[in-house]
2 protein chains.
Amino acid sequence: MVQAASKHLPGFAHEDRPTAADSDPAALGWMTGHPVPAARQVRWDDGTMWHFPQLRWSFSHCRDLVPSAGIPRGPAVRPLPVASRDDLDDVTLTTLDGQAMSWRQALAATYTDAILVLKDGAVVYERWFGVTTPATQHILFSVTKSFVGTLAETLIDEGRLDPHARADAYVPELAGSGLGDASIRQILDMRTGLAFSEDYVPGAGGLTDVQRMSLAGGWMPRQPGYDGPEGHHAFVASLGRNAPHGGDFVYRTPNTQALQWVIERVTGDSLATQIGQRYWQRLGMEADAAIGVDRIGTAFGGGGLMAGLRDMARFGEMMRLGGTCDGNVIVPPAAVARIFAGGDPAAFVATRYPGNLDGNYGSQWWHRAGGQLMAMGVHGQGIYVDRAAGVVIARVGSHPVASNRGNMAVTMPAYDAIVAALAG
Amino acid sequence: MVQAASKHLPGFAHEDRPTAADSDPAALGWMTGHPVPAARQVRWDDGTMWHFPQLRWSFSHCRDLVPSAGIPRGPAVRPLPVASRDDLDDVTLTTLDGQAMSWRQALAATYTDAILVLKDGAVVYERWFGVTTPATQHILFSVTKSFVGTLAETLIDEGRLDPHARADAYVPELAGSGLGDASIRQILDMRTGLAFSEDYVPGAGGLTDVQRMSLAGGWMPRQPGYDGPEGHHAFVASLGRNAPHGGDFVYRTPNTQALQWVIERVTGDSLATQIGQRYWQRLGMEADAAIGVDRIGTAFGGGGLMAGLRDMARFGEMMRLGGTCDGNVIVPPAAVARIFAGGDPAAFVATRYPGNLDGNYGSQWWHRAGGQLMAMGVHGQGIYVDRAAGVVIARVGSHPVASNRGNMAVTMPAYDAIVAALAG
């Protein structure tokens, strides 16, 4: 049942769109052949890398399509012990809209490209689909934000960043812009009045804010005569404010770009350097990572990280263990405590995120009422940390719906079912 | 003595141009700042990545500027033993145009970014300049060709490639084009009548062939309405012939692109996959490599490899040891023998390459009369293999003159002096 599906299908409704099997990027042969014939091309310069089902290939190959900065791993790989539980395939669950399915079916329903489950640090489940392999650096989209937030919380504990200070105290270029007078804490928790709509569905006329951001950052090709901002930082500085800061949580990616800018000014390092020095070279990562950069070398901290699934799991495991890895402190205990404490649930009510109605958002991480921590990126990227259960789940995906509202009705019950099965 | 220097200064004359010290990319601060101010930007979309002295930064950061395919290293790094000979700094030499200088001065005269000398497999000398570090994947330009040639010679020994067959027997799309009726051996040795001028100096009007190749491959931004070939393969297929095949050696990069195309058809793999499986994952490389790709994913086998200096040395050392690494055969002995035998010196006479008048070119490698093997790329990239002396030299550079005619008058006497010193 292949139809001309847009990338931006509306959220929850189960439209008549290609299934995971029908849209399998290996079966469809994207980017195969020497040279690749036109019908199988997935490109940056014609925008097809963002189209479904082509995105099922491109999300595993972003580095082949756009410039990126490398994030080298350290000298020693930290092995992940394996204690397979293949029986998890048949764990059953009921989605939030009432469908009964198995865990294995849930992976297809969420267009999962790869998934790994750790229980007490051991790999109990690991699956790879389509063109995604253990060597793939999949685009993580907004999972990137949780790395940025963790860096910022760390700098606070190191006394280098004051959560009560205004953003323009660190980045004078933000003075007078929408975020200039926002506090670092407000930016960390996305409780600013920034004039920006995080809408991934193109409208009938004109560019969306997300498209304008993508043009500034080089993720979409520009038309001749483009006169918008040059690069991610200039884009953030170009935005105004349409509400007071400190109100409800509203998810807006440029908050993270501002936070990245602050981090770069405080440390003097690029975001890639900080992520490399603090995480990739200290957690026994098994592969280099990368981050997409704009035309003047600025990383897209709002969503540009590209990493291997197992290394995502290693980061999640470090967080589960209170910010430590093999006894080394990677994230200071107070920063870890603030991250797990989360934001103000009252500020989250208006969001009513499906599958997480009672949760909150803080420090650039999502939280569930049960205390679980989630890094989430569009199209199904995620790192899930359940300390009480001793479970970490890393997932990359290529769901046709950008917003995770399109998959949370399956994802959350599926994770709950797996955690319950592993507790048994 | 900074002047407005073009990238394409004519070869041998010692113009009044910035010295290596004056053009040091770290001192000039290219691409520093968050964001990078306009005066310090080095970009793909305005062509500044190809300008001197900006290229002294960009050649160490090509991956940050253009899309690339990753070439992962293997699980275990093979250490290079160290036996430093710091006295080599003061080795003296006389350039071909009669200047006396020390080895250390020769490094500056050749705008060397980094250099490593192995003697009997041990690192006797290693230096890093400017923004180039052991973690850098420097662009290797036509050193890439020697990897492609080594692959082709290997496939010949594996019985998968017939050196006497026509190119269009493997790649039907080449039928009727300039290279369709050239033999694999003629292409390997660059003795084809292809209508293409390897001229790196832009003319007064119109595009040069090298520029048209760069536009097709995405290394230069296109103007609106571009209607040239899409990608490296289409570019090769678009070229005609203006002389019989089998004549004198004439250096033309599209020969290598055709050879890559043949290799991809014979193996079914991308060039990146072949280089990865055969070399990067088998030689104990210490860092991932990469190769620049066009808009449809085709690697630039003519010059797009990006690699660490030490890993270049590991490849050279494997060749020095007759195609082996730790007793494993990496390149079959007969292929190694053909590569070291070189091409026909008589076909090389017209080239009169300075510093190598009595040499030849074969199997996509340069040869000196003394039996040394050289992989060479514009602006000073190189791997030098002297089996008799037990010496391997890897070098990356950013000389203002693209053609190695701009540096060979220093490079060759310098290498000879180092080899002599190490023999002492």
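For the structure, check the block above.
About the cut-offs
Residues numbered from 1 in each chain as written. Chains lettered and ligands numbered in written order. Predicted model: local features only at pLDDT ≥ 70, side-chain atom pairs only at ≥ 80, totals over all residues. Helix = DSSP H or I, 4+ residues; strand = E, 2+ residues; numbered from the N terminus. Rg over C-alpha atoms; globule rule 2.2 N^0.38 Å. Buried ≥ 20, exposed ≤ 12 C-beta atoms within 10 Å, placed from the backbone. Contact = placed C-beta atoms within 7 Å. Pairing = 2+ DSSP bridges. Nonpolar A, V, L, I, M, F, W, Y, C, P; charged D, E, K, R; others polar. Least-squares fit on C-alpha atoms with pLDDT ≥ 70 in both.

**Focus: the overall build of chain A**
On a plain count of helices and strands, chain A comes out with 13 helices and 15 strands. The C-alpha atoms of chain A give a radius of gyration of 20 Å, which matches the 22 Å a tight globule of 424 residues would have. Seen along its three principal axes, the alpha-carbon backbone of chain A occupies a region of about 55 × 50 × 45 Å. Within chain A, the fraction of its 424 residues that count as buried is 56%. For chain A, contacts bridging at least 24 residues in sequence account for 66% of all contacts bridging at least 6.

**A look at the sheet that holds strand S8 (residues 305-307) of chain A**
Residues and elements named next belong to chain A. Here we have four strands laid out as an open sheet, ordered S1-S7-S8-S6, and antiparallel in their pairing. Each having just a single partner strand, strand S1 (68-71) and strand S6 (138-139) make up the two edges of the open sheet. As judged from the four bridges shared by S1 and strand S7 (residues 289-292), these two strands associate in the antiparallel manner. Counterpart to Gly70 in the pairing with S7 is Ala290.

**Observations regarding the interface of chain B and chain A**
As a measure of interface size, the accessible area lost when the parts come together is often cited. Opposite the 32 residues of chain B that make contact, chain A presents 32 residues. Those elements that provide at least two residues to the side of chain B that touches chain A are strand S1 (68-71), helix H8 (232-237) and helix H9 (253-267) of chain B. Considered class by class, the residues forming the side of chain B that touches chain A number 16 nonpolar, eight polar and eight charged.

**Focus: unusual backbone geometry**
A:Pro35 follows A:His34 through a cis peptide bond whose omega is -5°. Locating A:Pro35 in the fold gives a position in the loop between helix H1 (25-28) and helix H2 (55-58). In this structure, A:Asp120 is a non-glycine residue whose phi angle is positive, near 50°. Along the chain, A:Asp120 turns up in the loop between strand S4 (112-119) and strand S5 (122-128). One non-glycine residue with positive phi stands out, namely B:Met31, at about 55°. Examined against the element boundaries, B:Met31 turns out to sit in the loop between helix H1 (25-28) and helix H2 (55-58).

**Quick word on the relation of the copies chain B and chain A**
Both copies of the chain are related through a single rotation about an axis accompanied by a shift along the same axis. Relative to chain A, chain B is turned by 180° and slid 0.0 Å along the rotation axis, the superposed coordinates differing by an RMSD of 0.0 Å. Here the copies are linked by what is in effect a two-fold axis. Using C-alpha coordinates, one finds that chain B approaches the rotation axis most closely at B:Pro67, a distance of 2.4 Å. The residues that chain B uses at the interface reappear at the interface of chain A in 100% of cases, marking a shared surface.

**Considerations on the pairing of strand S5 (residues 122-128) of chain B**
Residue and element names in this part refer to chain B. Alignment of strand S4 (residues 112-119) against S5, held across six bridges, turns out to be antiparallel. From the neighbouring strand, Lys119 faces S5, where its bridge partner is Ala122. Between S4 and S5, which pair antiparallel in sequence order, lie two residues; one of them, Asp120, sits at a positive phi of approximately 50°.

**Observations concerning the pairing of strand S7 (residues 289-292) of chain B**
Residues and elements named next belong to chain B. Burial along S7 is two-sided: the residues Ala289 and Ile291 and Ala290 and Gly292 are all buried. Pairing between S7 and strand S8 (residues 305-307): two bridges, direction antiparallel. In the sheet register, Ile291 faces S8, and the bridge partner there is Leu305.

**Thoughts on the sheet that holds S8(B)**
Strands sit in the order S1-S7-S8-S6 (chain B) across an open sheet of four strands; the sheet is antiparallel. Of all the strands in the sheet, just S1 and strand S6 (138-139) of chain B have a single pairing partner and so form its edges.

**Structural notes on the environment of A:Ile393**
All names here are of chain A. Its place among the elements puts Ile393 in strand S15 (residues 391-397). The class of Ile393 is buried, set by 25 C-beta atoms lying within 10 Å. A C-alpha to C-alpha distance of 34 Å links Ile393 and Asp46, two positions 347 residues apart in sequence. Ignoring sequence-local partners within four residues, the contact set of Ile393 consists of Ile115, Val117, Tyr384 and Tyr415.

Everything listed is a geometric property; what it means functionally is a separate question.
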